[in-house]
Amino acid sequence: GANIINTHTNKPYTKPYSILYRDGVKIAVIGLLTPAIPNWLREELWSGLRFENMVASARKWLKHVKEVERPDVIIGLFHSGKEGGIVTKDYEEDASLKIAREVPGFDLILFGHDHTKFNDSVTNADGNKVLCLNPANNAMTVADAQIDITFVDGKKTKTSITGKLVDITDEAIDQNLVQKFKPQIDLVNEFVSKKIGEFTNTIYSKDS
């Protein structure tokens, strides 16, 4: 969460990025969150924090990662939608594609928030393609990306970046996972099943 800032330290409240190693390849993953949090959540839930503009934060941390970490691959992992949403003078709620276009250096951007599937490449300010994947919502789809890197005389060259959205609605439910959380599931079901009163007329959720 690179753009979630502790107001007391003026530094990121969580890790701004992570470094992964896969088969001799160094990968940096930079995380960002939609700054529109104050529009939905009471301040008591995020007091002591502020949420920076995603584009500005992405530009700052991409520069840092390139200079300090020198990774072979840079991935953006964003809780933010494609584009638009709530727009103010300070930020945009959904800025994932804007970052892909305006902040050169990302090889792949994985994002989600607006519950809309997206699988396409956009051209950034340097003229390079950036693959952007959004698997939408409700765990019905997962994003599957592949970055091919060729080693020639010790030098690493990205030869292709491809991605797809995979429907997993027909996959079997992991029973081990269900059993692991069964005590919590039972507690929740017991709580929401308690009788708290009676309605004498029919009500509809559409009225809300």
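Residues numbered from 1 in each chain as written. Predicted model: local features only at pLDDT ≥ 70, side-chain atom pairs only at ≥ 80, totals over all residues. Heavy atoms only, no water.

Caption draft 1: Summary view of the overall build of the protein chain. Looking only at helices and strands, the protein chain features four helices and 13 strands. For the protein chain, the spread of C-alpha atoms along the three principal axes comes to 75 × 45 × 30 Å. The proportion of buried residues among the 208 residues of the protein chain is 32%. Long-range contacts, defined here as pairs at least 24 residues apart, represent 54% of the contacts in the protein chain between residues at least 6 apart. (Helix = DSSP H or I, 4+ residues; strand = E, 2+ residues; numbered from the N terminus. Buried < 20%, exposed > 50% of the residue type's maximum accessible area, 1.4 Å probe, protein only. Contact = heavy atoms within 4.5 Å.)

Caption draft 2: Inspection of unusual backbone geometry at higher detail. In the Ramachandran plot, Arg70 falls in the positive-phi region, its phi being about 50° despite a non-glycine side chain. Note on placement: Arg70 falls in the loop between helix H1 (54-69) and strand S6 (73-79). Its identity is not glycine, yet His115 carries a phi of approximately 55°, on the positive side. Looking at where His115 falls in the secondary structure, it is placed in the loop between strand S9 (108-111) and strand S10 (117-123).

Caption draft 3: Examining the side chain of Asn134 more closely. If you trace the backbone, Asn134 turns up in strand S11 (residues 129-135). For Asn134, the side chain forms a polar contact with the side chain of Asp114, separated by 2.9 Å. Discounting chain neighbours no more than four positions away, the residues touching Asn134 are Phe111, Gly112, Asp114, Thr116, Lys117, Phe118 and Leu165. (Polar contact = N/O pair within 3.5 Å; in protein donor to acceptor, adjacent residues only side chain to side chain.)

Caption draft 4: Representation of the pattern of salt bridges in the model. With the rule as written, the count across this model stands at twelve salt bridges. For Arg42, the salt bridge goes to Glu44, with nearest N and O atoms at 3.4 Å. Using a relative accessible area of 53% as the deciding quantity, one classes Arg42 as exposed. Among the ionic pairs, Glu52 bridges to Arg50, the shortest N-O distance being 3.9 Å. On the accessibility criterion, Arg50 (34% relative accessible area) is partly exposed. Through salt bridges with shared partners, a single ionic network connects Arg50, Glu52 and Lys60. (Salt bridge = Lys/Arg side-chain N within 4 Å of Asp/Glu carboxyl O.)

Caption draft 5: Looking closely at the sheet that holds strand S4 (residues 25-33). Strand order in the open sheet formed by six strands is S3-S4-S6-S9-S11-S10, and the pairing between neighbours is mixed. Each having just a single partner strand, strand S3 (17-22) and S10 make up the two edges of the open sheet. Direction aside, neighbouring strands of the sheet carry axes that sit 20° apart on average. Of the strand pairs in this sheet, S3 and S4 are connected by six bridges, and their pairing is antiparallel. Each bridged residue has a counterpart across the sheet, and for Tyr21 the counterpart in S4 is Lys26. (Pairing = 2+ DSSP bridges. Axes fitted to C-alpha atoms, helices over the stretch in contact; angles between N-to-C directions.)

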